[in-house]
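Structural characterization, general
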Amino acid sequence: MTARERIRKAIHHEETRELPIDLGGSKASGIHVDEYIEVAQALGLDVGIPKVYDQFQMLARVEEPMLSRFCCDVIQLENLCETWELDNKDWKSWTTGRGHQVLVPGRFHPEYNENGYLILRNKKGRKVAFMPEKDGLYFERYQDPALATSTDENLMDPEVWRKSIPLYEDEELRVLEERARYLHEHTEYSISGGFGKLRMTSTSIFAGHEFTDWLCRLCTDPEYIYEILEATAQRAIENLKLYFEAVEPYIDTIFMSTTDYGTQDRELFHPDLFRDLYLPNLKKVNDYVHQHSHARTMYHSCGSIRNILGYMIEAGVDIINPVQTTAAGMDPAELKKEFGKDIVFWGGGADTQTTLQFGTPEEVRAQVRERIDIFRTGGGFVFNPVHNIQYGVRPENVIAMYDEAIQYGHREDG
């Protein structure tokens, strides 16, 4: 059975002899570039000079021979631009805060300011991100209050907001189609579409609102919020039409959203607000995907989201990631029992906040076995830890995690 076939069975809730495995198949199931290099060194793998394809999270593009070593089944169809208008082309060398040589886009030009920070600007010259110059690991978004234009007296018109969301351009679509066709014809990996223009988000500055203001308006201006979300969904469908014309025959899954709806101990806002405002508009988008493609929709949300998982399923979400099992109400056995027939769990294979970070290799292996026993039954499980693998995890723990998933995940009678 090929990698592509394994993923297709998993997302249709069928069990396979070999457990489906992911590393780098999405922007929420990847690995920090410094960690990637050190894991490769520990394994004796020559991965060359890795590309940082997502400069916000400093994620490495996972390529051969790492994909083969960890028996991965998924490969990501990257967008031409993943972060801050930095087109991933014209790669050049750069040294990370940990002293590793990596490749970054040609337009990656960090400035060094007097306070010891690296500053990134977009094409218009506006500050968009910053990182400590010494030993920095990640860029943080630069929040400019001046960009928050929506006030009580001047709420953004939903139609203005819809038109502000860019549509895929012909050149983007041409390159995506070529990439998708190549991956489909020349590899056996399942292709995950990294749909980049849904924008159904509640973080950063959204429709002219800062994050805290947006959360407040969920309660004070629900009709307005609904109209903004509806306009967002309409634009997403416009983009999906273009996207599917280019890549639909080739992708098995489509990564729709990185929005976090949960905190460590509860949802960010009352589940009833999600039901009334988000659910109907997410459903419009998911219905379009299901009616116009064979792809399954994947949504990411960190934190405690058990109280909205049922609503996400009602909205047509097929796959949930990263399955943060250390958050309140996110016990893996209970999640599988309550929702396992209706949604695919993509993640949850090891806890990045606890065992993977601080445990011994044998403790990591034990947790992997436990999670496979819970999530695998009845299909609907793709192995990945909870979210991206961050820098600082001991390489031997990463190796133990994937080796155990490969070995324990193999069934002779599957």
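Cut-offs applied
- Residues numbered from 1 in each chain as written.
- Predicted model: local features only at pLDDT ≥ 70, side-chain atom pairs only at ≥ 80, totals over all residues.
- Heavy atoms only, no water.
- Helix = DSSP H or I, 4+ residues; strand = E, 2+ residues; numbered from the N terminus.
- Rg over C-alpha atoms; globule rule 2.2 N^0.38 Å.
- Buried < 20%, exposed > 50% of the residue type's maximum accessible area, 1.4 Å probe, protein only.
- Contact = heavy atoms within 4.5 Å.
- Areas by Shrake-Rupley, 256 points an atom, 1.4 Å probe, with all protein chains shown as cover.
- Lys, Arg positive; Asp, Glu negative; His and termini not counted.
- Charge placed at Lys NZ, Arg CZ, Asp CG, Glu CD.
- Core = buried A, V, L, I, M, F, W, Y, C linked by side-chain atoms within 4.5 Å.
- Phe/Tyr/Trp six-rings, centres within 6.5 Å; stacked < 30°, edge-to-face > 60°.
- Pairing = 2+ DSSP bridges.
- Salt bridge = Lys/Arg side-chain N within 4 Å of Asp/Glu carboxyl O.
- Axes fitted to C-alpha atoms, helices over the stretch in contact; angles between N-to-C directions.
- Left-handed = near helix turned anticlockwise from the far one by under 90°.
- Nonpolar A, V, L, I, M, F, W, Y, C, P; charged D, E, K, R; others polar.
- Polar contact = N/O pair within 3.5 Å; in protein donor to acceptor, adjacent residues only side chain to side chain.

Here's the deal with the overall build of the protein
Scanning the protein for helices and strands turns up 13 helices and 15 strands. A compact globule built from 414 residues would reach a C-alpha radius of gyration of about 22 Å, and the protein, at 21 Å, matches this within 12%. In terms of principal-axis extent, the alpha carbons of the protein reach across some 65 × 50 × 40 Å. The burial tally for the protein puts 55% of its 414 residues in the buried class. When contacts within the protein are restricted to residue pairs at least 6 apart in sequence, those whose partners lie at least 24 apart make up 72%. Just so you have it, the protein exposes about 17100 Å², and 48% of that area is on carbon and sulfur atoms. Counting 45 positive and 68 negative side-chain charges, the protein places the centres of these two groups 2 Å from one another.

Some points on the nonpolar core
Ranked by internal contacts, the top residues of the largest apolar core, which has 109 residues, are Tyr 243, Ile 254, Tyr 278 and Phe 383. When residues in this core are grouped by element, the largest group, 12 residues, is from helix 7 (residues 222–247). Ala 28, Val 74, Met 298 and Val 344 belong to the second largest nonpolar core, which has 11 residues in total.

Thoughts on the packing of aromatic side chains
The geometry of an aromatic ring pair is captured by two quantities: the separation of the ring centres and the angle between the planes. This structure, assessed with the given rule, holds 18 aromatic pairs. An angle of 65° between the planes, with centres 5.4 Å apart, marks the rings of Phe 56 and Trp 84 as edge-to-face. Of this pair, Phe 56 sits in the loop between strand 1 (52–54) and strand 2 (59–60) while Trp 84 is found in the loop between strand 3 (74–77) and strand 4 (92–95), placing the two residues 28 residues apart along the sequence. Judged by centre distance (6.4 Å) and plane angle (80°), the rings of Phe 381 and Phe 383 are edge-to-face. Owing to a relative accessible area of 3%, Phe 381 belongs among the buried residues under this scheme. Put simply, the rings of Phe 70, Phe 345, Phe 375, Phe 381, Phe 383 and Tyr 402 pair up and form one aromatic cluster.

Observations concerning the pairing of strand 7 (residues 117–121)
Of the pairings in the sheet, the one linking strand 6 (residues 111–112) to strand 7 comprises two bridges and is antiparallel in character. Across the sheet, Glu 111 pairs through a bridge with Ile 119, a residue of strand 7. Hairpin connection of strand 6 to strand 7: four residues between the antiparallel strands, including Gly 116 at a positive phi of 85°. Direction of pairing for strand 7 relative to strand 8 (residues 127–132): antiparallel, over a ladder of five bridges.

Focus: the pattern of salt bridges
Under the definition given, this model contains 30 salt bridges. The partner of Glu 177 in a salt bridge is Arg 181, and the shortest N-O contact between them spans 3.1 Å. Residue Glu 177 and its partner Arg 181 are both found in helix 5 (residues 170–186); the two are separated by four residues, about one turn of the helix. With a shortest N-O distance of 3.0 Å, Asp 265 and Arg 266 are connected by a salt bridge. Each of the salt bridges in this network shares a partner with another, and the network as a whole consists of Glu 159, Arg 162, Arg 235 and Glu 238.

Regarding the sheet that holds strand 6
Across the sheet, which stays open at both edges, the four strands sit in the order 6-7-8-9 with antiparallel pairing between neighbours. Looking along the sheet, the strands with just one partner apiece sit at the ends: strand 6 and strand 9 (140–141). Both strand 8 and strand 9 contribute to a ladder of two bridges, which runs antiparallel. Note that in strand 9 the partner of Ala 129 across the bridge is Arg 141.

Structural notes on the packing of helix 12 (residues 361–375) against helix 13 (residues 395–408)
Look at helix 12 against helix 13: their axes get within 8 Å of each other, and the N-to-C directions meet at 35°. Along this stretch, helix 12 crosses helix 13, giving a crossing that reads as right-handed. Where helix 12 approaches helix 13, its residues Pro 361, Val 364, Arg 365, Val 368, Arg 369, Ile 372 and Asp 373 are matched on the opposing element by Glu 396, Asn 397, Ala 400, Met 401, Asp 403, Glu 404, Ala 405, Gln 407 and Tyr 408. Residues that form the contact of helix 12 with helix 13 fall into these classes: eight nonpolar, two polar and six charged.

So, the side chain of His 387
For His 387, the position within the fold is in the loop between strand 15 (381–382) and helix 13. Owing to a relative accessible area of 17%, His 387 belongs among the buried residues under this scheme. A distance of 3.5 Å separates polar atoms of two side chains, one belonging to His 387 and the other to Asn 388. Contact partners of His 387, with chain neighbours within four places excluded, come to Ala 28, Gln 57, His 300, Cys 302, Pro 322 and Thr 352.

Here's the deal with the sheet that holds strand 12 (residues 296–300)
The strand order 3-10-11-12-13-14-15 describes an open sheet built from seven strands, whose pairing is parallel. In this open sheet, the two edge strands, each paired with only one partner strand, are strand 3 and strand 15. In this structure, strand 13 (residues 319–321) lies alongside strand 14 (residues 344–346), joined through two bridges in parallel fashion. Across the sheet, Ile 319 pairs through a bridge with Val 344, a residue of strand 14. Against the sheet, helix 8 (residues 271–292) engages strand 11 (253–257) and strand 12, with an angle of about 145° to strand 12.

Some remarks on the environment of Ser 257
With respect to the helices and strands, the residue Ser 257 is situated in strand 11. The spatial distance from the C-alpha of Ser 257 to the C-alpha of Asp 272 is 20 Å, given a sequence separation of 15 residues. A distance of 3.1 Å separates a polar atom in the side chain of Ser 257 from the backbone nitrogen of Thr 259.

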